[in-house]
Amino acid sequence: MEQTLSIIKPDAVAKNVVGKILDRFESAGLRIAATRKMQLSRADAEAFYAVHAERPFFGELVEFMISGPVVVSVLEGVNAMSINRDLMGATNPKEAAAGTIRADFADSIDANAVHGSDSVENAANEIKFFFSDREIC
């Protein structure tokens, strides 16, 4: 059973579409093994996105991620990561296929509704960032 991390970002939380997005995960056969709504601190966002620290968009990304609450979830299932990435669609919602989360709920490449792990190794690290083993059922 593969696990991956999903973050429903502040723009999607503000639009009140959390339930619709979580339903898409479950409807695609993924199981929600853990989930929580939280407000990221600046330190949290900087640590989580540290891999992008040298990129020009880092500051704006951190500001966006602390601008409102997020919903973090551990999704699991056979090929969970690739299923989640397919559900999300392209990073730029203008390029995302119709019916994907980003095509339906994102406003821009910056406010793109969701984050999903991009590798099995990153998924394990990202899950540990937000959840202890006992929180994942």
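Everything numeric in this text was worked out from a predicted model, so none of it was measured. (Residues numbered from 1 in each chain as written. Predicted model: local features only at pLDDT ≥ 70, side-chain atom pairs only at ≥ 80, totals over all residues. Heavy atoms only, no water.)

Asks: Account for unusual backbone geometry, naming residues and giving values.
Replies: We note that Asn-16 has phi near 65°; this positive angle belongs to a residue other than glycine. Position of Asn-16 relative to the elements: it lies in the loop between helix 1 (10-14) and helix 2 (18-27). Despite not being glycine, Asn-79 shows a phi value in the positive range, around 55°. Looking at where Asn-79 falls in the secondary structure, it is placed in the loop between strand 3 (70-77) and helix 5 (80-88). (Helix = DSSP H or I, 4+ residues; strand = E, 2+ residues; numbered from the N terminus.)

Asks: Before we move on, could you go through the sheet that holds strand 2 (residues 31-38) and cite the residues and values that matter?
Replies: In spatial order, the strands read 2-3-1-4; together these 4 strands make up an open sheet with antiparallel pairing. Of all strands in the sheet, those with a lone pairing partner are strand 2 and strand 4 (114-116), marking the two edges. Taking each pair of neighbouring strands and ignoring which way they run, the sheet shows an average axis angle of 15°. Where strand 2 meets strand 3, 7 bridges bridge the pair, whose relative direction is antiparallel. Looking at strand 3, one finds that Arg-36 is bridged to Val-72. Of the strands in this sheet, strand 1 (2-8), strand 3 and strand 4 are in contact with helix 5, which crosses strand 1 at around 30°. Across the sheet, helix 7 (residues 120-130) is in contact with strand 1, strand 2, strand 3 and strand 4; its angle to strand 1 comes to roughly 60°. (Pairing = 2+ DSSP bridges. Axes fitted to C-alpha atoms, helices over the stretch in contact; angles between N-to-C directions. Contact = heavy atoms within 4.5 Å.)

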